[in-house]
Amino acid sequence: MTATVIDGKAFAANVRAHVATHVDTLRDEHGITPGLAVVLVGEDPASQVYVRSKGKMTVEVGMASFEHKLDADVSEADLLSLIDRLNNDPTVHGILVQLPLPGHLDSDLVINAINPAKDVDGFHISNVGLLATGQKSMVPCTPLGCLMMLRDYHGSLSGMDAVIIGRSNIVGKPMAQLLLGDSCTVTIAHSRTKDLPGVVRRADIVVAAVGRPQMVPGDWIKPGATVIDVGINRIDKPGGGTRLVGDVDYDSCAQVAGAITPVPGGVGPMTIACLLANTVTACCRAHGLPEPEGLTA
Ligand code: NDP
């Protein structure tokens, strides 16, 4: 079997187009422009690249982008004061603090200072609790993107066996909540899981969010299963230079799986598209307007 490739790049372009249509409607019919504020502390090169690309795509869909760059040694009080200003700014509907933060700043404290209604990353403890109890929340972008692709490919996910490898707060755990919400039978595997190959072989859906290059080989995959590869790992190429690979060994998994997301071009582009989707959703909720369909869990 050769797997169907789930094209996250094309899917993300559709999501952004859907978002742009809603942004047009909000502007033309209600005089509202959704706004996303991104806070970057320090000069981590990878974070700078992410923030630039988030800002560019925010503007491309017609939303307002506010970038706040703070020195690496900014005090916690100054950062919290900026968040307070953004919480109270009616032109800002979404707030994202780029992680990781420098070590002297308490990430949990900072994230939990964001107004949960503007927490477009979905990391605030209130949103975590709302998601876990099946209530309306802001949903973390990467798992939301995975869910959208799975729903699009399968239609109903009800009754499917899903195995998520990785139990982080930003990917593994919220992914499990979302799949449970769609009535999958969910297993969360991690570094202490016994017989990981045997556990993964039972899955109709495998979500790999481990951070270990090409860790999952094709012979762990049940024939016909759907493989969602969240991993982004940079490895050396034999002739020099580097390339990006996921957490699954794409070539061997694609021989066995029914469908698979590539890296790059799979989950990655969906993450930013879902950030824009969350911002337009937050804007609609803030103004008591109907939420766009298909852009939330
Ligand atoms: P974390 O490091 O926070 O979590 C990794 C998880 O993998 C942990 O739960 C860990 O288990 C588990 N793990 C590690 N080694 C093994 C092993 N040998 N067997 C089984 N489980 C193992 O990572 P993240 O969740 O933040 O990210 C995961 C990957 O996804 C990374 O490659 C990251 O770059 C990528 N990512 C991609 C995004 C995108 O937009 N596409 C967004 C976010 C992340 P334990 O808890 O026991 O230590």
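The preceding data block contains the structure.
Chemist: Help me out: how do you make sense of the site of the ligand in this one?
Modeler: Among the 23 residues in the neighbourhood of the ligand, the closest are listed as R167, S168, S191, R212 and T271. Contacts to the ligand include R212, whose side-chain N or O atom sits 2.7 Å from a nitrogen atom. One nitrogen or oxygen atom from the main chain of I232 is found 3.2 Å from an oxygen atom belonging to the ligand. Isolated, the ligand exposes 930 Å² of accessible area, and the fraction of that covered by the protein chains is 70%. The biggest single contributor to the shell around the ligand is helix α10 (residues 267-286), with three residues.

Chemist: Where do I start with helix α3 (residues 76-87) in this structure?
Modeler: Along an α-helix, residues three or four positions apart point the same way, because every turn accommodates 3.6 residues. Compared with the 16 Å implied by 1.5 Å per residue over twelve residues, the 16 Å span of α3 between its first and last C-alpha is a close match. Of the residues making up α3, those classed as buried are L79, L82, I83, L86 and N87. Here the buried residues of α3 occupy an arc of 140° about the axis, which is enough to place them on one side. Residues of α3 that are exposed and point more than 90 degrees away from the buried face comprise A77, D78 and R85. Elements that come into contact with the buried residues of α3 comprise β2 (35-41), β3 (64-70), β4 (94-97) and α4 (107-111).

Chemist: I tried to follow the sheet that holds β4 on my own but got confused; where do I start?
Modeler: Hydrogen bonds along the backbone pair up the strands of a sheet, which may run parallel or antiparallel. Spatially, β3-β2-β4 is the arrangement adopted by the three strands of the open sheet, whose pairing is parallel. If you trace the sheet from one side to the other, it starts and ends with β3 and β4, each paired once. Direction aside, neighbouring strands of the sheet carry axes that sit 15° apart on average. As judged from the seven bridges shared by β2 and β3, these two strands associate in the parallel manner. Bridge pairing in β3 places V41 opposite L70. Sheet strands in contact with helix α2 (residues 45-60) are β2, β3 and β4, and its direction is about 160° off that of β3.

Calculation rules
- Residues numbered from 1 in each chain as written.
- Predicted model: local features only at pLDDT ≥ 70, side-chain atom pairs only at ≥ 80, totals over all residues.
- Heavy atoms only, no water.
- Near = heavy atom within 4 Å.
- Polar contact = N/O pair within 3.5 Å; in protein donor to acceptor, adjacent residues only side chain to side chain.
- Areas by Shrake-Rupley, 256 points an atom, 1.4 Å probe, with all protein chains shown as cover.
- Helix = DSSP H or I, 4+ residues; strand = E, 2+ residues; numbered from the N terminus.
- Expected span 1.5 Å × (residues − 1).
- Buried < 20%, exposed > 50% of the residue type's maximum accessible area, 1.4 Å probe, protein only.
- Arc of directions from axis to C-beta.
- Contact = heavy atoms within 4.5 Å.
- Pairing = 2+ DSSP bridges.
- Axes fitted to C-alpha atoms, helices over the stretch in contact; angles between N-to-C directions.

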